[in-house]
Structures are given as C-alpha cells and as structure tokens.
Amino acid sequence: MSFVVPKETFSGKVLAVDFGKDDKKITIGGENTLPFLSFEGECPNKPAIAYEIQDCPPDDWPETVLNVYKDVSSDTVTWAKYCQDELKADAIALRLISTHPDRDDRSAEDTAQTVKDVLAAINVPLIILGSNHIEKDANVLVAAAEASSGNNCIIGKAQEGNYKTIVAAALAHNHKLIAMSELDINLAKQLNILITQMGFDKTKLITDPMCAALGYGLEYTYSVMERIRLAGLAQNDQTMQPPILGDVGMYVWKIKETIAPEADVPDWGSIEERGIAWETVTATSMILAGTNLLIMRHPKAVENVKKTIDELI
Amino acid sequence: MALTGIQIFKLLPKTNCKKCGFPTCLAFAMKLAAGGVEISACPDVSDETKATLGEASAPPIRSFALGTGDKAVKMGAENVMFRHDKKFVNPCAIAVNIKDDAGDDAISAMAEAVANSEIDRVGQKLRVDAISIECVSGDSAKYEAAVKLVAEKAPETALILNCKDAGTIEAAVKAVADRKPLINGTTDGNAEAMADIAKANGCPIVASANGLDALSALTEKIKGFGVEDIVLDSGARTAKDIVEHNTQARRAALKKSFKPLGYPVINSAIRDDAILEASIASVAIAKYASIVVISSIEKWKTLALFTQRQNIYTDPQVPMQVEQNIYEMAEPTADSPFMITTNFSLTYFIVSGEVENSKVPSRLAVMDCEGLSVLTAWAAGKFTATKIAQYIKESGIEDKLSHKELILPGQVAILSGALEDKLEGWTITVGPREANAIPTFLKSKVS
C-alpha cells in the first residue's frame, strides 16, 4: 500500500478583509482550506495580531501585564505610540472602556476626540472597540466611526441588541465591522444575516463568536470556530465566511491563573510566565481553530504567538 | 474498511447454535458490525474468517498503552477529525526529555519532579506522563545507568528510550523491561534489530522516517517483523509539519482506512524558549498528537498544557460540572454577601471570576443542577424555589452567616417570590442578569 496525501477541496472560501491605510494596510482571511493546511489549498494571509490599549489607565489589569505599560498607559496616545514604535505592533485595538457607565461613563463626544488623537499619532491600522455595554456602545461607536472616517478602521462590537445604529455608522464612514454573538454558531449566523440585510457588505464583516480563556470555556470557543469554518468552507455557507476575531487578552487577563501570586498557589509556578503562557496558549489554540485576527496584551505572548505563526505557514 | 452486518453474516457458520449468546448468527453479525462484541465469542468460526474479521474490525487507529500500571497512558483509538463530532478519546501524553549526559543530579531531579508533578484541576488528576531518556553520550553503560536512575526515581512513570543504537537500546530495555518502555530510535536502517528487541521484551516502538510516505513503508516493515504496537514519528520539525503530517495521517487512517498510518503519533515540541515550547506543544495537543515531548516542566508550563489538553479532550456532549459546594472568595466574614448559581463549569468559572475580580469577600453557593446553566436548569426544573430552599437549609450555611440574604441570578428573578415563601426568614435579592455586572453589584452592596 502506498501513501497518497489525503487532500480535501472545499467549495467555499473565507472572505479576505483589509483594514488600515497605505503600506500599513493588513489583509486577513482569504483561505480556502482549514487553518494552515496549505498542502491542499491557499492560505494567502497569516493571522494578524493587534495590541490592546485602553482610553484610561488599565487599573483592572493584573500586574504582569500592567507593569509592561506602567510608564505609558496614563496617556492613551503615548500608549498607542509605544505599541507602534517600541513593540512594533502591526495593528492597535483601542478599547473605549472608560465609556462604560460603571467605569467613568465618559461621553461619546469625549471619546471621539481620543480616537482622533490616537489616529493622528499612529499609522498602523486601528481597531476601535466599545466597552461592551449594549446601549452605551450604540452611541460611543457611532461617534467613534465618525471621528475615524476615512481611516478604514475596524469598529465593534455590534451585537444583537445594538447592531442597527453601529452598522449604519460603519456603512456611512466606510469601516469594517465586528459582529459579536455569544458562543453559538446559529446566533453568529443570524447576526451576520441581520447585518447584511441592512445593506452592509458581507466582505466588510468580521465574526466574533466570543472568546474564552484557556481553562474557562476555551473548548466552546474552539469548537464554535471550527464549526463556523467548516460551514463556510465545506458547505459554502456564505453567511459563515467572514474572518474570525479572537479577543484573547481581555478574557485571559482577569482569571485566577493570571492573577494569583505563586505564594498562594505554589503548584502553579511563576506568576509572570504563567500569565504569558496562558495568553500564548489561548491565542495559539484560537488560530488553530480558525481565528484570523487576535487582540492581545502582553508583548512576550504576542512575540511567541508570532513565532508560532511563522512556524505554521 | 469495516464490514457490514450482512457481510459478516456470510462468513459465519449460520448454524444459529446460540453458543455466542445471541439467538441467531445474524443477530451476532449485527452486533459484531456495531463493535459491541468480539468474534472470539463464536466457537465454530474458522481461523481464516477470524483473521479476515479481525483485520476488518480493528479500530482505524491502533490503541495500546504507554507504560504500565495505574499511571499507564492509553493512546490511539481516535475516531474523528473534529472534537465537536465526537469526544477525542485518549488525551495526549506529555513527556519530558532528558539527556543521558546531564549528570546524575540533574537526571534525579528531573525524574523526581516528574514523579511529583501531579496536580488536581476540576476534579481530574493531571501529571507529566512520561520521561524520554535521550542517548547523546554514545556510551552504552552511561545510557543504561541513566535509564536505571530515571526508572528508580520515577517508579510509576512511563519511559521512552530514545537511542538509535540497537546494542545500547537492548541493554537499556532489558534493565527496565518490566516497565515496557517505548523504544524510540527505529529507522529503515535498524528496523529489524529494533523490532526484535521490542518483540522479545513486549515493548511498543516508535517508527521514525522523513515524511509520511517513507513512514508508511517503515511501519509495514516493522509490522512484518512481528511488532504491531507502533508510534508514528514523521520527522515533523516545525509547527507546520506537526499540523500537516498529523492531519494527513489521521485522515488517511480514518477516511481511507490506510492501515500503515493507523497508529498514535509522537511529536517533539522542544524549543530554546520555554514559552515558545509551550505554544508549539499546544499545537501538537490540539492537532492529534498522542505524545508530545518537551524539554522542561516548569509548573506554569505544565499547568497551561494540562489545561489545554483537558479542554480539547472534554466530551462536547457532556457539560463539565463543578462540585456542589459553598465556595469562599477573598476570605469572607459572617457579614459578607451570599450568592447562588448552578454547577455548569462555564457558569461557575465566569461567575466566580467576576466575584474574584470584585475583590469583595463573598460566598458563592454552587448547586448541583447536573451541569446545566442557570436558565437551562430553571427550565429543566432543576433550579427551582423548592430545590434551592432545600439545598440552602441542608447546607448549614445559616450558622456561618450573620444575615439571611440570598442573592439570586438575575436570569431567574421570577423565582424570588416563591423562594421567599419557602425559605422562611430569608430575604431574596435579585442580582445582575449578566456576570460582568457582578463586580459593580457587589461593590454597591458592601459600600
């Protein structure tokens, strides 16, 4: 018996989506096979990684990742420039967390200025995220979309409860859009359909099926992503072909494994490496399941995931 | 290819003698096809038929153990490409490599660290499963001494003997034959000598070749020498090799019934940087490896890999459950808030994570609802006012609290009235609907 490489060809293809401007523009997606199986198909664009920054000091981040940014995080623009110039970020994800009513409840107008200031200071592509407060995001993201008009940003996240105004704003200002649902392939599909029914071009969508940290439901995210990929590729389901987002950092850097000092949990080893490994392994698992765009926090985790990606292509 | 019940029936004696325990040969054939019984249950079937059926009914990926005793690790027997189709069966063994010239102290220390590596996570005992001893000295006596030392210091751990010299391997295998070490170092050139050692000592063997084509030929060759417990080493070096080779081997075995690759897979994830090594090892674990070899076992690294393995190998059809208990967060006092939720692991992880984030000392009662989330458990009649009241009364929590206020998940606010009736003297407070609102809620409660 001689070995014949068992290749599979798929009728569907992941949509290629670009964001950013000029020579810093990034394209994600475009593959017509499962992640990294280039022996049987095309994988033209590797997964991209954006550094997460916030519009206020990250007091709620654990020390391991807080310390990295302690000299720059008091000012959003300084922080953004640090990521771009020192950490060589390919993209930046600005989370407008201060707008959350339970945080500073900052107004949409204030936030718009921050978006403008950050855009003026950087030339890498920008992802603009709300605070994940359904009602507030509807205002904040509309103002942010306007403030960043013409910059080909990714805006998000549009959810079932607020997508209409956010979709309209992304449409008006020519941005890409993240559609987020909660760990359910049918909800992800339904939201994509609702959004495209508003006249939003499906080639400008990015699906966020909701991330989970290693040990905290990673298997659900992993399987939902694999099923979305298979639906888009094998069944050629047009509504399941946008690239996938893995918003890794915010889920990883709040769990016990990234917070508890070694003195409290001696069996878990060094808190520093533990946190970095946690973000790294979570992100690596996500890209194997189909994630095209990662949002991460710790530079060493980013570095190791990049090295892993380089090994994978 | 697996035979159908009718195809099997044609090969049976058709006497309906019932000696197999089934009323007819056809019923027995149907059960055989479904994999619920062994052909050996039929006393009258010919040897030729037995061989035919044995070959046809063999699982697409051969299954056998790494190591011996309670801590032996089962490998192989996988049936699917994706975990959402069906549970991945036998979790990837994590093995650490040590070189025979590392010195007695370093070898002892590593073996002892492995022997003591067990931790508990969500009720499962997890540990480094195997030690690979690599021959770099080129000195048979030194290698044998290193193998013996590891075997002594890690008396229950599975052993992998990594050496290409048959003479050296033979002496080392004999020294630890009762441990059934996995012999790693067999290539096309030394296949017969290595297979003879494996056969004589009843050990499994790693077949190493460059690429799946050469590997297929080698496993057939080894099988021809009478050894069937084979582990595949395709020479995968990069993460890309790991993903491509492992995917192709599993596809060939499962979808094409290609027997020469129907074996468990071993991958090396050894890298200079410890975090990169963890990342590459996680690629192997997610993508079908049965053994992954790493070079060091820092606690943070093995914790991350154990956890990822547990996640990937969880049964997608059975919700992960947390033990029913009243969990204390941040050293609560008698005055601290008291909340309740269900024991679906994801519910527990998210709720407890947010409670911990709040840094407000609190108690969280996690009630056994067969692993269902709050709303599902309520809909299924497992998280009802009666059952919650009974659980709270029996838990003895009243003695620990200076108050009688229970915080109920916002999703089941509808239960608050009935619960106040059933839990006499208690105040029922409706908490947030979503876990991410818990920190604000708790902070406002204690301020």
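These numbers come from a predicted model, not from an experiment. (Residues numbered from 1 in each chain as written. Chains lettered and ligands numbered in written order. Predicted model: local features only at pLDDT ≥ 70, side-chain atom pairs only at ≥ 80, totals over all residues. Heavy atoms only, no water.)

Caption draft 1: Here's a closer look at the sheet that holds strand β9 (residues 205-208) of chain B. Residues and elements named next belong to chain B. Taking strand neighbours across the sheet as the criterion, the 8 strands line up as β10-β9-β8-β7-β6-β3-β12-β11 in an open arrangement whose pairing is parallel. Looking at which strands have only one partner, the edges of the open sheet turn out to be β10 (230-233) and β11 (266-268). Across the sheet, the mean angle separating the axes of adjacent strands is 25 degrees when strand polarity is ignored. Contacting β3 (93-99), β11 and β12 (291-294), helix α10 (residues 274-286) runs over the sheet at an angle of about 170 degrees to β12. (Pairing = 2+ DSSP bridges. Helix = DSSP H or I, 4+ residues; strand = E, 2+ residues; numbered from the N terminus. Axes fitted to C-alpha atoms, helices over the stretch in contact; angles between N-to-C directions. Contact = heavy atoms within 4.5 Å.)

Caption draft 2: The interface of chain B and chain A, seen in detail. With 54 residues of chain B in contact, the opposing surface of chain A contributes 54 residues. Carbon and sulfur atoms supply 63% of the area buried between chain B and chain A, which totals about 4800 Å² over both sides. When the buried surface of chain B facing chain A is broken down by residue, B:R251, B:I275 and B:W300 rank first, second and third, together holding 14% of it. Here chain B and chain A share 6 salt bridges between them. The closest approach of N and O atoms between A:E8 and B:K255, which form a salt bridge, is 2.6 Å. Residue assignment for the side of chain B that touches chain A shows that the elements contributing at least two residues are β4 (119-121), α8 (212-224), α9 (239-255), α10, α11 (299-312) and α12 (345-358) of chain B. The dominant element in the side of chain B that touches chain A, judged by the number of residues it contributes, is α9(B), at 9 residues. Considered class by class, the residues forming the side of chain B that touches chain A number 24 nonpolar, 14 polar and 16 charged. (Buried area = accessible area lost by both parts, 1.4 Å probe. Salt bridge = Lys/Arg side-chain N within 4 Å of Asp/Glu carboxyl O. Nonpolar A, V, L, I, M, F, W, Y, C, P; charged D, E, K, R; others polar.)

Caption draft 3: Spotlight on unusual backbone geometry. Residues and elements named next belong to chain A. Backbone torsion omega between G156 and K157 reads 10 degrees, so that peptide bond is classified as cis. Structurally, K157 is set in strand β6 (residues 154-158). Even without glycine at this site, F36 takes up a positive phi of about 70 degrees. Summarising the element assignment, F36 is placed in the loop between β2 (26-28) and β3 (48-54). The backbone phi angle of M210 is positive, close to 80 degrees, even though this residue is not glycine. Mapped onto the elements of the fold, M210 is located in the loop between β8 (205-208) and α7 (218-233).

Caption draft 4: Up close: a nonpolar patch on the surface. Residue and element names in this part refer to chain B. Judged by side-chain polarity, I6, L26 and M30 come together as a nonpolar surface patch covering roughly 240 Å² of accessible area. Mapped onto the elements, L26 comes out in helix α2 (residues 25-34). Taking the relative accessible area as the measure of exposure, L26 reaches 33% and is therefore partly exposed. (Patch = residues over 30% accessible without salt bridge, like charges linked within 9 Å, V, L, I, M, F, W, Y side chains within 5 Å. Areas by Shrake-Rupley, 256 points an atom, 1.4 Å probe, with all protein chains shown as cover. Buried < 20%, exposed > 50% of the residue type's maximum accessible area, 1.4 Å probe, protein only.)

Caption draft 5: Quick look at the packing of aromatic side chains. This model, assessed by the stated rule, comprises 13 aromatic pairs over all chains. Ring centres 6.1 Å apart and planes at 50 degrees place the aromatic pair B:F338 and B:W426 in the tilted group. One end of the pair, B:F338, is in strand β14 (residues 338-342); the other, B:W426, is in the loop between α15 (416-422) and β17 (427-430), with 88 residues separating them in the sequence. The structure contains a cluster of three or more aromatic residues connected by ring pairs, namely A:W61, A:Y69, A:W79 and A:Y82. Cation over ring: B:K14 sits above B:F9, and NZ or CZ is 5.8 Å from the ring centre. In this arrangement the basic side chain of B:R250 is found over the ring face of B:F88, its NZ or CZ atom lying 5.4 Å from the centre. (Phe/Tyr/Trp six-rings, centres within 6.5 Å; stacked < 30°, edge-to-face > 60°. Lys NZ or Arg CZ within 6 Å of the ring centre and 35° of its normal.)

Caption draft 6: Structural view of the packing of helix α4 (residues 104-115) of chain B against helix α5 (residues 140-153) of chain B. Residues and elements named next belong to chain B. Interaxial distance between α4 and α5 falls to 8 Å at its minimum, and their mutual angle equals 35 degrees. Between α4 and α5 lies a crossing of right-handed hand. Across the interface between the two elements, D104, I107, S108, A111, E112 and A115 from α4 touch A146, L149, V150 and K153 from α5. A per-class count over the contact of α4 with α5 returns 6 nonpolar, 1 polar and 3 charged. (Left-handed = near helix turned anticlockwise from the far one by under 90°.)

Caption draft 7: Looking closely at the pattern of salt bridges. A full pass over the atoms with the stated rule returns 38 salt bridges over all chains. A:K157 is the partner of A:D208 in a salt bridge, and the nearest nitrogen-oxygen pair spans 2.9 Å. Note that A:D208 is positioned in strand β8 and A:K157 in strand β6, a separation of 51 residues in sequence. The class for A:D208 is buried, based on a relative accessible area of 1%. Of the charged contacts, one joins B:R363 and B:E328 as a salt bridge, the two residues approaching to 3.4 Å between their closest N and O atoms. A residue pair is termed long-range when its members are at least 10 positions apart, and B:R363 in strand β15 (residues 362-367) and B:E328 in strand β13 (residues 325-329) qualify at 35 residues. Sharing partners across several salt bridges, the network here consists of A:E52, A:R95, A:K157, A:D208, A:D247 and A:R297.

Caption draft 8: Inspection of the environment of A:Q113 at higher detail. The topology assignment puts A:Q113 in helix α3 (residues 108-121). When the C-alpha atoms of A:Q113 and A:K254 are compared, they prove to be 28 Å apart, with 141 residues separating the residues in sequence.

Caption draft 9: Summary view of the nonpolar core. Of all hydrophobic cores here, the largest spans 195 residues; its most connected members are A:I195 and B:I133. Shared between two domains, this core takes at least three residues from each, and those domains are domain 2 (64-312) and domain 3 (325-446) of chain B. Residues contacting A:I195, with those up to four places away along its chain left out, are A:A158, A:Y163, A:V167, A:L177, A:A179, A:F200 and A:L205. Among the nonpolar cores identified, the runner-up in size contains 24 residues, and B:I326, B:C369, B:I397 and B:L406 belong to it. (Core = buried A, V, L, I, M, F, W, Y, C linked by side-chain atoms within 4.5 Å. Domains from an automatic or database assignment.)

Caption draft 10: The arrangement of the side chain of B:D100 in detail. Residues and elements named next belong to chain B. Note that D100 resides in the loop between β3 and α4. No salt bridge is formed by the buried D100. Its closest oppositely charged neighbour is K142, at 6.6 Å. Sequence-distant contacts of D100, that is, excluding residues within four places in its chain, are made with I107, E134, C135, V136, S137, D139, K142, Y143 and A146. (Lys, Arg positive; Asp, Glu negative; His and termini not counted.)

Caption draft 11: The arrangement of the state of the cysteines in detail. Residues and elements named next belong to chain A. Under the definition given, this model contains 0 disulfides over all chains. Considering cysteine sulfurs only, C83 is the nearest to C153, which forms no disulfide, with 16 Å between them. Of the residues examined, C153 reaches a relative accessible area of 0% and is grouped as buried. (Disulfide = S-S within 2.5 Å.)

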